[in-house]
Each structure stands twice: as C-alpha cells, then as structure tokens.
Amino acid sequence: MKRTVEVLPDQTALIARSLDLILTKLDTAIKQQGRFTIALSGGSTPKPLYEAIANQKLPWDKIHVFWGDERYVPADHPDSNELMARRAWLDRVDIPRANIHAVPTLDNNPALSAANYEQHLQAFFNSAPGEFPALDVVLLGMGDDAHTASLFPHTEALQVRDRLITVGNKDGNPRITFTYPFINAARSVIFVVAGANKRPALAQVFAPSADDLAYPSRLIQPQGELLWLLDAAAGAELTV
Ligand SMILES: O=C(O)[C@H](O)[C@@H](O)[C@H](O)[C@H](O)COP(=O)(O)O
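Bear in mind the structure is a predicted one, so any value in this text is a computation, not a measurement. (Residues numbered from 1 in each chain as written. Predicted model: local features only at pLDDT ≥ 70, side-chain atom pairs only at ≥ 80, totals over all residues. Heavy atoms only, no water.)

A.B. asks: Explain the site of the ligand here, please?
C.D. replies: Surrounding the ligand, one finds 15 residues, the nearest of these being Ser44, Thr45, Asp69, Ala149 and Lys198. Between the ligand and Thr45 there is a distance of 2.6 Å, counted from an oxygen atom to a side-chain nitrogen or oxygen. Between the ligand and the protein, one listed contact pairs an oxygen atom with a side-chain N or O atom of Arg71 at 2.7 Å. Burial of the ligand by the protein chains amounts to 87% of its free accessible area of 420 Å². Across the shell around the ligand, the residue classes break down as two nonpolar, nine polar and four charged. (Near = heavy atom within 4 Å. Polar contact = N/O pair within 3.5 Å; in protein donor to acceptor, adjacent residues only side chain to side chain. Areas by Shrake-Rupley, 256 points an atom, 1.4 Å probe, with all protein chains shown as cover. Nonpolar A, V, L, I, M, F, W, Y, C, P; charged D, E, K, R; others polar.)

Next up, the structure:
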C-alpha cells in the first residue's frame, strides 16, 4: 500500500486538489480501460467537490458512479446520499441513467438491499462470489468518531470480510455500506477530510497502534493507493 497525506491550506484548496486528482485518475482509467468507476461518499464535505465535477466537460457515458454507503431512506429523502449527489452533480450532466448505480433502499429489508446491491456490483464487474472487484476510485469521508462509509465503531459491519456489501448501523439506524475488504480492493482510495473536529479521530487513525474496531478508518489499508487529503484545520498537527 502506498499512503500519501496532503494537507491543503483551506477547504477551497482541498476541494480543488481533490478534483484535480479525480480528473487525473478518470483520464487514465478511460485511456486504459475505456471507463472510470467511482464510489461516492456522503456527508457534507464532498458536496462542493461534486458541484465542481459537474462543471467539467467529461465523457459522461464512460463514467460509472456507485455509492460507498447509503442511508436506508428513499432516494428523495433529505438524508439520502444519492439525492445530495444528484442535486450537486448527476442531475446537472448528461450521464446515462444506467451509469448511476444507486443503492436500493426500498425493500424495507436492509439485508436484502445489501444482497441486491452486491449482486448488481458482481454483475457489473463480472466478478464471482468471494471475489473483490477493483473500482478505480473509492472516495471516503471520515466522521469525528473515525468511522468511514457506514463502518461505525464497534459494529458488526466491521467483522464482515467475505462480502462486498453489508448492513451498517448508526445509532440503531440501518445503512448500506461497502465492507472494508471491498474498499481495500480499490485501485485508489481517497479520503477527503475537513474541519478541526476531525483532529482527535485522525490522531488515532494515524497512531502507530490503536484499536481498529474503535477507529474503523484504520481498517482502510488498500492494496492500491491510499490518499489522505486534509484541510489545515483537520491535518495541521498530524504527525504521519
Ligand atoms: O453517509 C455518510 O454520512 C458518509 O458516507 C459518512 O461516512 C461521511 O463521509 C462522514 O460521516 C463524514 O461526513 P462529513 O463530510 O459531513 O463530515
């Protein structure tokens, strides 16, 4: 694993650098394999990044968008990660509907939704059960409790190692999430983290030793590239 940490002066520079990196990887992926696959994170940090991507002139028919995690709500619910990404980006560009691989959340059965999303991914990547296909980019945020995607501290989702998708749990509310082994199969994992409130969690994630189950972002150790993009508020005091 190649780990790189970049601390940008402010959130504007953080988003600009994140955009630059993603565009470079997008261009390389399309040149090499004719398509680009990315899993999006939710929360608030990536919204300006998605807005910036929407302003680019890109070969949208070659770009496939997935979600690394999703709240278990309808796609028109204000908490939906899909809704945020559609409003900021996807509904503003000519990306084919078939290229938007949204998480099913209407089965009224999170375990069934997770299984269905997994089957969708396996079909898309033509991968066999037990195989972890590699996305070009998995974009991640990190909570102030060091969770990432919907892999929350001391939850069952952290124990799932033989699936692509599982059910996360945030304060008793179900989420659909990539498992950490599936995230780790990605060619590039990019964390985009901003804000002083993330400092304590970052210190634990980067500590030489700490409890991975208490700080789940520690579990993200991809075979490929791991990039941490931080604004100064989050990363200024970090020792790596
Ligand atoms: O569904 C979600 O909420 C996200 O995928 C989650 O993992 C998010 O990335 C972190 O909670 C950071 O969120 P902020 O960017 O809002 O701090």
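A.B. asks: Even after reading the chapter, I still don't get the sheet that holds strand β7 (residues 173-178), so can you show me in this structure?
C.D. replies: Neighbouring strands of a sheet are bound in pairs by backbone hydrogen bonds; such pairs are parallel or else antiparallel. One open sheet accounts for three strands, arranged β4-β7-β6; its pairing is antiparallel. With one partner strand each, in any of the chains shown, β4 (69-71) and β6 (165-170) form the two edges of the open sheet. Across the sheet, the mean angle separating the axes of adjacent strands is 30° when strand polarity is ignored. One ladder, built from three bridges, connects β4 with β7; its direction is antiparallel. Bridge pairing in β7 places Glu70 opposite Ile176. Most of the contacts of helix α4 (residues 110-125) go to β6, to which it runs at about 140°, and overall it touches β6 and β7. (Pairing = 2+ DSSP bridges. Helix = DSSP H or I, 4+ residues; strand = E, 2+ residues; numbered from the N terminus. Axes fitted to C-alpha atoms, helices over the stretch in contact; angles between N-to-C directions. Contact = heavy atoms within 4.5 Å.)

A.B. asks: Quick question: what am I supposed to make of the packing of aromatic side chains here?
C.D. replies: Scanning all chains against the criterion turns up eight aromatic pairs. Ring geometry for Tyr50 against Trp89: centres 5.8 Å apart, planes inclined by 45°, an arrangement best described as tilted. Taken as a pair, Tyr50 in helix α2 (residues 47-54) and Trp89 in the loop between α3 (81-88) and α4 lie far apart in primary sequence, 39 residues in all. The residues Tyr50 and Trp89 share a single accessibility class, namely buried. Ring plane angle 70° and centroid distance 5.2 Å describe the contact between Phe66 and Phe124, whose orientation is recorded as edge-to-face. Within this pair, whereas Phe66 is found in strand β3 (residues 63-67), its partner Phe124 is found in helix α4, the two being separated by 58 residues in sequence. Take Phe66 and Phe124: they sit in the same class, and that class is buried. Three or more aromatic residues joined by ring pairs form one cluster here, namely Tyr50, Trp60 and Trp89. (Phe/Tyr/Trp six-rings, centres within 6.5 Å; stacked < 30°, edge-to-face > 60°. Buried < 20%, exposed > 50% of the residue type's maximum accessible area, 1.4 Å probe, protein only.)

A.B. asks: Please explain the sheet that holds strand β1 (residues 2-8) as it appears in this structure.
C.D. replies: As summarised here, the arrangement of the six strands in space is β1-β9-β8-β5-β2-β3, forming an open sheet in which the pairing is parallel. In this open sheet, the two edge strands, each paired with only one partner strand, are β1 and β3. Along the sheet, successive strands turn relative to each other by an average axial angle of 20°, direction set aside. Where β1 meets strand β9 (residues 225-231), seven bridges bridge the pair, whose relative direction is parallel. Of the residues in β9, the one forming a bridge with Leu8 is Asp231. Relative to the sheet, helix α1 (residues 11-33) contacts β1, β2 (36-40), β3, β5 (137-140), β8 (188-193) and β9, its axis offset from that of β9 by approximately 155°.

A.B. asks: Honestly, the pairing of β7 in this entry has me stumped. Any pointers?
C.D. replies: Inspection of the sheet shows β6 paired to β7 by six bridges, in the antiparallel sense. The partner of Lys170 across the bridge, within β7, is Asn173. From the end of β6 to the start of β7, which pair antiparallel, there are two residues, and Asp171 there has a positive phi angle of about 50°.

A.B. asks: How should α1 be read in this particular structure?
C.D. replies: Look at α1: 32 Å from first C-alpha to last across 23 residues, which is about the 33 Å you get at 1.5 Å a residue. Residues Ala13, Leu14, Ile15, Ser18, Leu19, Leu21, Ile22, Lys25, Leu26, Ala29 and Ile30 constitute the buried set of α1. The backbone nitrogen of Thr12 lies 3.1 Å from a side-chain oxygen of the residue at the head of α1, namely Asp10. Phi turns positive, to about 80°, at Gly34, one or two residues after α1. (Expected span 1.5 Å × (residues − 1).)

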